[in-house]
Amino acid sequence: MGKKARHSIFINSILFLLLCSILILTISCKKAEEPEEEAQTPSNHQIQTATSGPAQAPESDFLTLYPGVYTEKEKAPVTEWMEVARAINERGTIDIKAMINGTLSEDTPGYVRSFKISETMVRYFNRLRDPENPLLNDSDYARKAGYRDIIGYPTLAAHDDSFMIAYPNSARDKLLVADLIHSVTNLKPVYPGDTLYWVIDSRHVKDLTPETGAEYRSNAIINNGSVYNQR
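A brief report on the enclosed structure follows. This is a predicted model, so every value here is computed, not measured.

Glancing now at the side chain of Thr108. Among the structural elements, Thr108 can be located in the loop between helix H4 (96-101) and strand E1 (111-116). Those residues in contact with Thr108 that sit more than four places away from it in its chain are Arg91 and Ile94.

Right under this line is the structure:
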C-alpha cells in the first residue's frame, strides 16, 4: 500500500510540474505579446500632442517657387533667356547660302557656329561607337559601297551643347537634368573634311513647377535644329 501511495505521489508531482511548465510557458508568451499591444496604445503625452493641433512644419531655408512667377534673382536672366527663344522662333527660314559663303550675320538668332570635321575626328568617333563597321572605318570598303569615303557615325553632328541651353546659371543654385531625349534624322552622310553649320530652328520652354508651389523649378525645354555642310 505504501508503495502505491509513493507511486501516486510521484505521478502527481510529475503532472504538477508539467502543468506549471505549461503555465509558465503561457505566461511567458503572453508577456512577449503585451509590449506590442502596449505600443499600439498612445501614452497620455502622445494623446495630448495629437489633440493639441497640427504640427508646425519646420521653417525652410528655401523659397517657394510658382510657375511663371519669378524671384528677383530669376527675373533678369530668365527674361533674357526667354527673349533668345522668342527671337529664334520668329526668325523664319535661315539664309543657308549666306551662312555657307560667310555673309550671314553672326547675330542671326539660332545660328550657332561652323566647324570643319577632320578625318582624325571622324575615325576617333567611329571607333568609339562602332569599331567593326567597315563603312565607318575602311575607306576602300566605303568607296566600293558607293560613298566618297568613310562616313561619320549618325550622331557625329548631333552636338548637345550646340542646341540645348539650360536654365540660366545666374537664376539658380543647382541644376538637375533628367529625361534627356534625342531624335536624330540623317538626310546625308557626314564625310571627313566637311564643314558643318549648326542652326537652332525653334526653342520652346514650358514651366512644369506645381501650381501649389515647390522649392525647385521644373522646366521642359524642347529644341529643334538642323546641321548643314558646305554643299
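Attention shifts here to the pattern of salt bridges. Scanning the model with the defined rule gives 12 salt bridges in all. Here Asp173 makes a salt bridge to Lys73, at a shortest N to O gap of 2.5 Å. Linking Asp173 in the loop between helix H8 (160-163) and strand E2 (195-207) with Lys73 in helix H3 (residues 72-91), this pair joins segments that are 100 residues apart in sequence. Looking at Asp173, the relative accessible area reads 69%, which means it is exposed. The class for Lys73 is partly exposed, based on a relative accessible area of 40%. Across the pair Arg217 and Asp207 runs a salt bridge, and its minimum N-O distance is 3.0 Å.

Ordered in space as E1-E2-E3, the 3 strands form an open sheet in which the pairing is antiparallel. Of all strands in the sheet, those with a lone pairing partner are E1 and strand E3 (219-228), marking the two edges. Sheet twist, expressed as the mean angle between neighbouring strand axes with direction ignored, is 25 degrees. The sheet contact formed by E2 and E3 spans 10 bridges and is antiparallel. Bridge assignment links Arg203 to a residue of E3, and that residue is Asn223. Set on the sheet, H3 makes contact with E2 and E3; between it and E2 the angle comes to about 120 degrees.

This part covers the nonpolar core. In terms of nonpolar packing, the biggest core is built from 12 residues, these being Ile88, Ile117, Val122, Phe125, Ile150, Leu156, Ala157, Phe163, Val190, Leu196, Trp198 and Ile200. The greatest single-element share of this core, amounting to 3 residues, is contributed by E2. Discounting chain neighbours no more than four positions away, the residues touching Ile200 are Ile88, Arg91, Gly110, Val112, Ser162, Phe163, Asn224 and Gly225. Residues Met99, Leu104, Tyr111 and Val199 belong to the second largest nonpolar core, which totals 7 residues.

Judged from the 5 bridges that link them, E1 and E2 form a sheet pairing that is antiparallel. Its bridge partner being in E2, Phe115 is matched across the sheet by Leu196.

Attention now moves to the packing of aromatic side chains. Evaluation of the coordinates by the stated rule reveals 2 aromatic pairs. The ring of Trp198 carries the charged tip of Arg113 above its face, separated from the ring centre by 5.1 Å.

Moving on to the environment of Ile94. Note that Ile94 resides in the loop between H3 and H4. When its relative accessible area of 7% is taken as the criterion, Ile94 is described as buried. The spatial distance from the C-alpha of Ile94 to the C-alpha of Val199 is 8.3 Å, given a sequence separation of 105 residues. Ignoring anything within four residues of it in the chain, the contact list for Ile94 reads Met99, Leu104, Thr108, Tyr111 and Val199.

Moving on to helix H5 (residues 119-129). Turning to H5, its buried residues are Val122, Arg123, Phe125 and Asn126. Down the axis of H5, the buried set is contained in an arc of 165 degrees. They therefore lie on one face. Along H5, the residues that are exposed and aim more than 90 degrees away from the buried face are Thr120 and Tyr124. Buried residues in H5 make contact with helix H6 (134-137) and helix H7 (139-144).

What sets the pattern is the α-helix's 3.6 residues per turn: residues three or four places apart point alike. For H3, built from 20 residues, the straight-helix expectation of 28 Å at 1.5 Å per residue is met to within 8% by its first-to-last C-alpha distance of 30 Å. Val78 marks where H3 bends most, by close to 30 degrees. All buried positions along H3 are accounted for by Glu74, Pro77, Val78, Trp81, Ala85, Ile88 and Arg91. Those residues of H3 hidden inside the fold are in contact with E2 and E3.

Cut-off values and rules
- Residues numbered from 1 in each chain as written.
- Predicted model: local features only at pLDDT ≥ 70, side-chain atom pairs only at ≥ 80, totals over all residues.
- Heavy atoms only, no water.
- Helix = DSSP H or I, 4+ residues; strand = E, 2+ residues; numbered from the N terminus.
- Contact = heavy atoms within 4.5 Å.
- Salt bridge = Lys/Arg side-chain N within 4 Å of Asp/Glu carboxyl O.
- Buried < 20%, exposed > 50% of the residue type's maximum accessible area, 1.4 Å probe, protein only.
- Pairing = 2+ DSSP bridges.
- Axes fitted to C-alpha atoms, helices over the stretch in contact; angles between N-to-C directions.
- Core = buried A, V, L, I, M, F, W, Y, C linked by side-chain atoms within 4.5 Å.
- Phe/Tyr/Trp six-rings, centres within 6.5 Å; stacked < 30°, edge-to-face > 60°.
- Lys NZ or Arg CZ within 6 Å of the ring centre and 35° of its normal.
- Arc of directions from axis to C-beta.
- Expected span 1.5 Å × (residues − 1).
- Bend = angle between axes of the 7 residues up to and from the residue.

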